[in-house]
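# Report on the structure
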Amino acid sequence: MNRRKFIKKSLMTVAALGTFSALLIKPKRVYAAWPKASFDITDLSKSINSVYGHNNLSKTTKVKLKVPDIAENGAVVPINVKTSLKNVESIMLFVENNPQPLSSGYMLSAKSKPVIGTRIKMGQTSTVIAAVKSNGKVYSASKEVKITIGGCGG
Amino acid sequence: MNKFFFILLFFSLGVFASPEEDLDAFRDHFKSRFPSIAFSDYKNGVYSVDSSSREQWESIEEFPPYEINIEQGEELFNIPFKNGNIYASCFENKGIGIRQNYPYFDEDTNQVMTLELAINKCRKKNGEKPLNYYKGGPMADISAYMAYTSRGNIINIEIPNNEKALEAYEDGKKLYFSKKGQLNFSCADCHIWQSGTKLRADITSPGIGHSTHFPVYRSSAGRLVTLHERFAGCLNRIRAKPYKAQKDEYRNLEYFVTYMSNGLEINGPGSRK
Amino acid sequence: MVAEANRENIMSTIKIKAKESKGSVTVRTLIKHPMETGQRKNKKTGEKIPSHFIQEVTCKANGEEVINVYWGPAVSKNPYLTFVYEGSKGDTIELSWLDNQGNRDSNKVTAK
């Protein structure tokens, strides 16, 4: 290949190393550095793309996403995901309207059950998306969570 | 019970209703306002009246952040002062399982003694500097630990039959019913008459059970908040000038509010938004 | 901020509860950490408070990694995590974290 193509390809590889897709390509678990590039992305579809290399999320009822309809407080929103899908490699949680939509990623092992839970910050009302990678395909479930400003909570 | 009769009872000219009568009136009001709530559930505050926030609260309670504070509080409670004494020496039962006894009317000093004031009194007695009552920190942690060791114990404040004690109680009661601030609200407005209704996006908690679960870990603040800090917060919100922590006004108010929670168990520290 | 693990007098930042039922161990953990986003401003100076958040959490059961978690600053302060793996009572569970300022901590419990 010519010099130009070579440099472009090298740069792409370097860029890819900062993303989740680099972690997901390798067959063996690699304790790679925190995927900064993915966490820094501010646009939802670019964020999803940086993780999987594509934007094809298949909506399914087999992914159960539990979040409140109206969050009591945007600083601590409980979120739980479970799925009946098999061979789940990873679960990612995106918050569409957060400054950086990717909130967290859960890289499962052969011994993992596909169940995770955490508490996240949401800056404003937003769709929350749980993306589950199973047998190489990415499935998802989403819900809107309303964030309100209280009256006397202070 | 209608509002007019209730007010009349509370402000009877010449003849004060006794605290016991006040408590009956209070309980009757809430029984008729919320007929389906079990009395013991009032200890859960707003979660006794709002099911959707209750679900989120139960989720947090699976592993509440205040567990960190309880551990810190226990450690602090057991560290000796510079003079070698320990907190346990200042309290009955070595300070374990006693929160439900506070606040009480101290007949020696003729003032209401709250747990937090007692903690600082213990420190002063042993040559230590007082701890801050607001913004979390060691005072809130110790208070949380002491509340935790008292979980399940029933509040049964007894007001001694002396003039000064009754005065303190009446003072607290008066503050509770007084309109304050630019928004001209009283505690009673939100927590008795309008309890369980929406104040913008908040639902107001019932007045019974307010003090059972303090201090609270507030998600919005990311730390513990003590009862007096909450009083100050409320006053700020209605654009009134708050009083100072652990001065007469809040201690007397705490006296009244806790008396109204008689019969409920301590379940602090709590989690709130 | 707690830095090294295994310092005897320092309370761990990690609280862990691990319970086995029907061949699955449910692990719940609460970690003391500010999870500062880097967007908040110091009210007095007006300057941004630097970001300080856990980036990675790893859990091993009997020495074998069962989950690896990547967190961003959108995870709540004093973060909570729960997950489930195939395991047994008596498993040694070791949880460790690493934050963006290079601090670490770890803690161990036995699954009940």
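Residues numbered from 1 in each chain as written. Chains lettered and ligands numbered in written order. Predicted model: local features only at pLDDT ≥ 70, side-chain atom pairs only at ≥ 80, totals over all residues.

## Thoughts on the interface of chain C and chain A
- In this complex, chain C contributes 22 residues to the contact, which on the side of chain A involves 27 residues.
- Looking at the side of chain C that touches chain A, the elements that each hand over two or more residues are strand 3 (54-61), strand 4 (64-71) and strand 5 (80-86) of chain C.
- Grouping the amino acids of the side of chain C that touches chain A by side-chain chemistry returns 13 nonpolar, six polar and three charged.
- The pairing of strand 6 (residues 102-108) of chain A with strand 4 of chain C spans five bridges and is classified as antiparallel. When the sheet's bridge partners are listed, Met107 of chain A is paired in strand 4 of chain C with Asn68 of chain C. (Contact = placed C-beta atoms within 7 Å. Helix = DSSP H or I, 4+ residues; strand = E, 2+ residues; numbered from the N terminus. Nonpolar A, V, L, I, M, F, W, Y, C, P; charged D, E, K, R; others polar. Pairing = 2+ DSSP bridges.)

## Regarding the packing of helix 4 (residues 66-78) of chain B against helix 6 (residues 137-149) of chain B
Residue and element names in this part refer to chain B.
- With their axes 7 Å apart at the nearest point, helix 4 and helix 6 run at an angle of 95 degrees to one another. In this view, helix 4 runs roughly perpendicular relative to helix 6, as classed from their interaxial angle. Taken together, the residues of helix 6 that come into contact with helix 4 (itself represented by Tyr66, Asn69, Ile70, Gln72, Gly73, Glu74, Leu76 and Phe77) are Pro138, Ala140, Asp141, Ile142, Ala144, Tyr145 and Tyr148. (Axes fitted to C-alpha atoms, helices over the stretch in contact; angles between N-to-C directions. Parallel < 35°, antiparallel > 145°, perpendicular 65-115°, else oblique.)

## Here we look at helix 5 (residues 115-125) of chain B
- Along helix 5 of chain B, the residues that are buried comprise Leu115, Glu116, Leu117, Ala118, Ile119 and Cys122 of chain B.
- On its buried side, helix 5 of chain B packs onto strand 2 (111-113), helix 6 and helix 10 (248-259) of chain B. (Buried ≥ 20, exposed ≤ 12 C-beta atoms within 10 Å, placed from the backbone.)

## Details of the nonpolar core
- One finds Phe94 and Ala130 of chain A together with Ile67 of chain C to be the most contacted residues of the largest nonpolar core, which totals 125 residues.
- Looking at this core element by element, the count peaks at eight residues for helix 6 of chain B.
- Formed jointly, this core draws a minimum of three residues from each of two domains, domain 1 (3-63 + 159-272) and domain 2 (66-149) of chain B.
- Contact partners of Ile67 of chain C, with chain neighbours within four places excluded, come to Tyr106, Met107, Leu108, Ser109 and Ser112 of chain A together with Cys59, Phe83 and Tyr85 of chain C. (Core = buried A, V, L, I, M, F, W, Y, C linked by C-beta atoms within 7 Å. Domains from an automatic or database assignment.)

## Quick look at unusual backbone geometry
- Of note, the bond from Tyr102 of chain B into Pro103 of chain B is cis; its omega dihedral lies within 30 degrees of zero at -5 degrees.
- Inspection of the secondary structure puts Pro103 of chain B in the loop between helix 4 and strand 1 (104-106).
- At the junction of Phe214 of chain B and Pro215 of chain B, the peptide bond is cis and its omega measures out at -5 degrees in the coordinates.
- For Pro215 of chain B, the position within the fold is in the loop between strand 4 (202-203) and strand 5 (216-218).
- Phi is positive for Asn93 of chain B, which is not a glycine, with a value near 55 degrees.
- When you line up the elements, Asn93 of chain B lands in the loop between helix 4 and strand 1.
- Overall, Asn93 of chain B belongs to the exposed group, with 11 C-beta atoms counted inside 10 Å.
- With phi around 50 degrees, Lys22 of chain C is a residue other than glycine that occupies positive phi space.

## Section: the domain arrangement of chain B
Residues and elements named next belong to chain B.
- Assigned domains within chain B: domain 1 (3-63 + 159-272) and domain 2 (66-149).
- Computed from C-alpha coordinates alone, the two centres of domain 1 and domain 2 are separated by 23 Å.
- Tallying the contact residues gives 25 residues for domain 1 and 24 residues for domain 2.
- A total of five residues in the side of domain 1 that touches domain 2 trace back to one element, the largest contributor, which is helix 10.
- Among the residues making up the side of domain 1 that touches domain 2, the classes are represented as 12 nonpolar, eight polar and five charged.

## Quick word on the interface of chain B and chain C
- Taken together, the contact pairs eight residues of chain B with nine residues of chain C.
- For the side of chain B that touches chain C, a count of residues per class yields three nonpolar, one polar and four charged.

## Remarks on the pairing of strand 5 (residues 88-95) of chain A
Residues and elements named next belong to chain A.
- With seven of eight residues buried, strand 5 is to be regarded as a mostly interior element.
- Across seven bridges, strand 5 lies against strand 8 (residues 126-134) in antiparallel orientation. Looking across to strand 8, one finds that Met92 is bridged to Ala131.
- Bridge analysis of strand 5 against strand 6 gives five bridges, and the strand direction is antiparallel. For Phe94, the partnering residue across the bridge sits in strand 6 and is Leu102.

## Focus on the sheet that holds strand 1 (residues 14-21) of chain C
- Strand order across the open sheet formed by six strands is 2(A)-4(A)-7(A)-5(C)-2(C)-1(C), with antiparallel pairing between neighbours. Each of the sheet's edge strands pairs with one partner strand only, and the pair in question is strand 2 (63-66) of chain A together with strand 1 of chain C. Pairwise comparison of adjacent strand axes, ignoring direction, gives a mean angle of 15 degrees for this sheet.
- Of the pairings in the sheet, the one linking strand 1 of chain C to strand 2 (residues 24-31) of chain C comprises eight bridges and is antiparallel in character. In the sheet register, Lys19 of chain C faces strand 2 of chain C, and the bridge partner there is Thr26 of chain C.

## Some thoughts on the environment of Val84 of chain C
- Tracing the sequence through the fold places Val84 of chain C in strand 5.
- In this structure, the C-alpha to C-alpha distance between Val84 of chain C and Lys15 of chain C, residues 69 residues apart in sequence, is 16 Å.

## Focus: the packing of helix 7 (residues 163-177) of chain B against helix 10 of chain B
Residue and element names in this part refer to chain B.
- Two elements in contact, helix 7 and helix 10, have axes separated by 7 Å at closest approach and are oriented at 90 degrees. Here helix 7 is positioned roughly perpendicular relative to helix 10, judged by the angle of their axes. On the side of helix 7, the interface is formed by Ala168, Tyr169, Asp171, Gly172, Lys173, Leu175 and Tyr176, while helix 10 contributes Glu249, Asn252, Leu253, Tyr255, Phe256 and Tyr259.
- Looking at side-chain class alone, the contact of helix 7 with helix 10 contains eight nonpolar, two polar and three charged residues.

## Side note on helix 4 (residues 44-52) of chain A
All names here are of chain A.
- Restricting attention to buried positions, one finds in helix 4 the residues Leu44, Ser47, Ile48, Ser50 and Val51. Projection of helix 4 onto a plane perpendicular to its axis shows the buried side chains occupying an angular sector of 160 degrees, all on one side.
- Note on helix 4: the residue one or two positions beyond its end, Gly53, has a positive phi of about 85 degrees. (Arc of directions from axis to C-beta.)

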